[in-house]
Amino acid sequence: MKFSFFCLIVSLFVTSNSAFDADRQQLVDYIVEDLFMATHRVPGAGVSVVRNGTVLMSKGYGMRNISARLASDGNTLFSIGSISKSFVAVLVVKTLNELHPNQGAGVLDIPIAQLIPPTVNFTLSDRYRAEHATFRDILSHRTCLMNGAFELIVGTLPSASEYAYRSRYLPQDCDFRSGFVYNSNMISLAGEIIAAIAGTTLQNMIVSLARDLGMANTTYIDLNGSYESHPGMSQPYILKNGTIVAFDTFQVRKIHMGVGTGGVLSTSNDMAKYMNFHLNNGRVGDRQIVPENVMRWLYSTSNAFDFQGGRTEDDSMVYGNLGAALGLFSGLYDGWSVIFHDGYWPPYHCEMRLFPATQIGVFICVNGPGLIIDYPMHENVILNIFELARGTNISLAELLSKKVNIAKPNIEHQLFKEHKTNRAATALHHSQIRSRVEPADVLGVYGHPINGDLSIRYAPGTGNTTLQLYLSEWTFGRLQPFTGSNTTFSIEWDTTIMDHFYSYPWAVPNFWIDFGIVDTALLRLGELDLYGEFEFVKNATLDTFPSIPWTPGSCGPEL
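The rules we used
- Residues numbered from 1 in each chain as written.
- Predicted model: local features only at pLDDT ≥ 70, side-chain atom pairs only at ≥ 80, totals over all residues.
- Heavy atoms only, no water.
- Buried < 20%, exposed > 50% of the residue type's maximum accessible area, 1.4 Å probe, protein only.
- Helix = DSSP H or I, 4+ residues; strand = E, 2+ residues; numbered from the N terminus.
- Arc of directions from axis to C-beta.
- Contact = heavy atoms within 4.5 Å.
- pLDDT = per-residue confidence, 0-100.
- Disulfide = S-S within 2.5 Å.
- Pairing = 2+ DSSP bridges.
- Axes fitted to C-alpha atoms, helices over the stretch in contact; angles between N-to-C directions.
- Parallel < 35°, antiparallel > 145°, perpendicular 65-115°, else oblique.
- Left-handed = near helix turned anticlockwise from the far one by under 90°.
- Nonpolar A, V, L, I, M, F, W, Y, C, P; charged D, E, K, R; others polar.
- Core = buried A, V, L, I, M, F, W, Y, C linked by side-chain atoms within 4.5 Å.
- Phe/Tyr/Trp six-rings, centres within 6.5 Å; stacked < 30°, edge-to-face > 60°.
- Salt bridge = Lys/Arg side-chain N within 4 Å of Asp/Glu carboxyl O.

Observations regarding helix α9 (residues 202-212)
Next up, step 1: For α9, the full list of buried residues reads Leu202, Gln203, Met205, Ile206, Leu209 and Ala210. Projected down its long axis, α9 carries its buried residues within an arc of 165 degrees, all on one side.
Next up, step 2: Looking at the buried side of α9, the elements it contacts are α2 (84-99), α8 (184-198), β5 (219-220), α11 (259-262) and β8 (264-266).
Next up, step 3: Backbone geometry just after α9 places Gly214 at a positive phi near 80 degrees.

And the structure:
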């Protein structure tokens, strides 16, 4: 229902402890629909708000499927992206406490190498990290290893086990435990390790936890796409050339190999239960799913940021991020402690924020059109709803004046940057510079220790005259000579991989591949300072890389 801005310039009070009163619900609807969704052309959204164990609201906005004319509701399923990391963190602390009840929180600081069964291989890029890294290091992003991400974008790796295995080749970005480097690979690895310790699969653990919390519809993205037939599954959308169009759901499946880092699907109804589980310190009804003291392990800042804080222009409100907790972040908002994480798996974008002192939690998720980084963002929507939920005596005009943009660590926005050391690590056997490429010269398989393999083939039906680049079943296309170069080709994709990039607010990249160095394929994405370049080496497959990337007597990488 649309209504006039001027009708709401009144002071409002919360009159019910079980739900928003009508006026405040109208304010929430106005913020979500008229400001947030309309500004960013969001097709559909799910929002839930809890307080003191009660669900104040859980509802859908807009459409979960435009062509089928299906509206979003509380049971609409969204990809929650990196909020999945908090599920892994819960499973880690729960399992470690059950297996090592006498260790207390100290179990998080026992080297993983000492906790895993002999059948589990835990190897990182150098010996010291492999012998000393703990679950606290991984879950608070302080291993200081470079984040991958390209392999997720193009889906080059076939399984979670290979994704975990290739984490050993991630290069150092800073000294161990010396800083914060957001790392999706490491969280996925933590999930696979805790599942191996528990003797099951991470998928089974996620579903089991969800059901224990009463989350009836929460599931995960799998390779076969079985979740797509779920009656509440939302269709994702992107903004392409100014028009909202359906995103190819097949592209969503690429995250199947990293379920723990971004593959959980949930609803606003289920996420209300998940937030209450956290705010109730691990309790659901009369069942203590995770001991209260163990839940507290999750929220303490384990990797502190250089907190500077910030203030709005017109008052002394202090806000900002304190640091990384375990699978979550901790911060401040107007004196209130905040525990949060956002999630982005193109083109879904979500955020969850918990305010423990007030027992309030707010979740919002959208099915497109992609990453939202301009005002009003998810964060602004959540903070305004928080003001309403905690009973702030506020008018709409005052509410809209609180354009608080909390300084956030640059996390998901750097998905495509790859450190130069990563490229150098694959320069195994350069032999000479090539001045010209003949198709037969470059046929074959090229490998990268982190990003998997690509192959160059003759394109079917072209009489061995046109080359095809193959990265995965999601990503392959034909090569076309690039004007002005005898060694560089542009890529014309035969898949919808470019739809992935339409979900970002910056320019859609061009792709080039350069064979100027013999036995090397240099894959470039757009401007090098925005997306990156990746050096694949001919005949360098996973079998040719050393399984232990350091010699037994050294502490440094062998590559």
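Anyway, onward from the coordinates.
Things to note about the confidence of the model for the chain
Next up, step 1: Per-chain confidence: the chain averages 88 in pLDDT, with 87% of residues scoring 70 or above.
Next up, step 2: The model gives residues 403-429 a pLDDT under 50, and that stretch makes 85 contacts with residues more than four places away or in other chains.

Quick notes on the state of the cysteines
Next up, step 1: One pass over the structure, following the stated rule, counts two disulfides.
Next up, step 2: Across the chain, the disulfide pattern expressed with sequentially numbered bonded cysteines is 1-2, 3-4.

Details of helix α13 (residues 292-299)
Next up, step 1: What α13 keeps buried is the set Val294, Met295, Trp297, Leu298 and Tyr299.
Next up, step 2: Along its buried surface, α13 packs onto α2, α12 (268-279), β13 (329-333) and β14 (336-345).

As for the pairing of strand β2 (residues 54-65)
Each regular strand shows side chains that alternate between the opposite faces of the sheet.
Next up, step 1: Note that strand β1 (residues 44-51) and β2 share eight bridges and pair antiparallel. The partner of Val49 across the bridge, within β2, is Met57.
Next up, step 2: Taken together, β1 and the strand that follows it, β2, pair antiparallel across an intervening segment of two residues, in which Asn52 is found at a positive phi of about 55 degrees.
Next up, step 3: Here β2 pairs with strand β3 (residues 70-71) via two bridges, running antiparallel. The residue of β3 that forms the bridge with Met63 is Ala71.

Here's the deal with the sheet that holds β8
Next up, step 1: Strand order in the open sheet formed by three strands is β4-β8-β5, and the pairing between neighbours is antiparallel. A strand with exactly one partner marks an edge of an open sheet, and here the two such strands are β4 (78-79) and β5.
Next up, step 2: Note that β4 and β8 share two bridges and pair antiparallel. Following the sheet pairing, Ser79 is matched in β8 by Leu265.

Here we look at the packing of α2 against α13
Next up, step 1: Between α2 and α13, the least distance of the axes is 10 Å, while the angle of their chain directions is 140 degrees. Viewed along their axes, α2 and α13 adopt a mutual orientation that is oblique. Considering how the two elements wind past one another, α2 and α13 form a crossing that is right-handed. Each of Ala89, Val90, Val93, Lys94 and Asn97 in α2 lies in contact with α13, whose residues at this interface are Val294, Trp297 and Leu298.
Next up, step 2: When the residues that make up the contact of α2 with α13 are grouped by side-chain class, the tally is six nonpolar, one polar and one charged.

Thoughts on the nonpolar core
In globular proteins that are soluble, nonpolar side chains generally tend to be buried together.
Next up, step 1: Grouped together as the largest cluster of nonpolar side chains are 90 residues, with contacts concentrated most on Leu108, Phe122, Phe135, Tyr274, Met352 and Phe363.
Next up, step 2: Non-local contacts of Phe135, meaning those with residues more than four positions away in its chain, are made with Val92, Leu96, Leu108, Ile112, Leu115, Ala190, Ile193, Ile194 and Ile197.
Next up, step 3: In this structure, Val32, Val47, Phe329 and Ile372 belong to the second largest nonpolar core, which totals 36 residues.

Looking at the environment of Cys144
Next up, step 1: Mapped onto the elements, Cys144 comes out in the loop between α5 (135-139) and α6 (150-154).
Next up, step 2: In this structure Cys144 comes out as buried when scored by relative accessible area, which is 0%.
Next up, step 3: Contacts of Cys144, omitting those with residues within four sequence positions, involve Arg129, Pro171, Gln172, Asp173, Cys174, Asp175, Phe176, Arg177, Ser178, Gly179 and Val181.

A word on unusual backbone geometry
Next up, step 1: Of note, the amide linkage connecting Gly368 to Pro369 takes the cis form, showing an omega dihedral of 5 degrees.
Next up, step 2: Counting through the fold element by element, Pro369 comes out in the loop between β16 (360-366) and α14 (378-389).
Next up, step 3: Between Tyr375 and Pro376 the backbone carries a cis peptide bond, its omega angle lying at -5 degrees.
Next up, step 4: Examined against the element boundaries, Pro376 turns out to sit in the loop between β16 and α14.

Considering the sheet that holds strand β12 (residues 319-324)
Next up, step 1: Across the sheet, nine strands lie side by side as β3-β2-β1-β16-β15-β14-β13-β12-β11; this open sheet has antiparallel pairing. On the outer flanks of this sheet lie β3 and β11 (303-304), each paired with one strand and no other.
Next up, step 2: Here β11 runs beside β12; their pairing, made up of two bridges, is antiparallel. Bridge assignment links Ala304 to a residue of β12, and that residue is Gly323.
Next up, step 3: Each of β1, β2, β15 (348-355) and β16 touches α12; the most contacted strand, β1, lies at about 30 degrees to it.

Concerning the packing of aromatic side chains
Next up, step 1: Enumeration according to the criterion identifies 23 aromatic pairs in this entry.
Next up, step 2: Each ring, one from Tyr169 and one from Phe545, has its centre 5.7 Å from the other, and the planes form 50 degrees; the classification is tilted. Of this pair, Tyr169 sits in the loop between α7 (160-165) and α8 while Phe545 is found in the segment after β24 (532-538), placing the two residues 376 residues apart along the sequence.
Next up, step 3: In this structure Tyr169 comes out as buried when scored by relative accessible area, which is 5%.

Regarding the pattern of salt bridges
Next up, step 1: Enumeration according to the criterion identifies 20 salt bridges in this entry.
Next up, step 2: Residue Glu379 is joined to Arg353 by a salt bridge in which the shortest nitrogen-to-oxygen separation is 2.7 Å. In this pair, Glu379 sits in helix α14 while Arg353 sits in strand β15, placing the two residues 26 residues apart along the sequence. Across this residue pair, the class does not change: Glu379 and Arg353 are buried.

Focus: the pairing of strand β23 (residues 520-525)
Next up, step 1: The element β23 is extensively covered by neighbouring structure, given that five of its six residues are classed as buried.
Next up, step 2: Relative to β23, strand β22 (residues 511-514) is paired through four bridges, and the arrangement is antiparallel. Residue pairing in the sheet places Phe511 in a bridge with Leu525 of β23.
Next up, step 3: Here β23 runs beside β24; their pairing, made up of six bridges, is antiparallel. Bridge pairing in β24 places Leu523 opposite Phe534.

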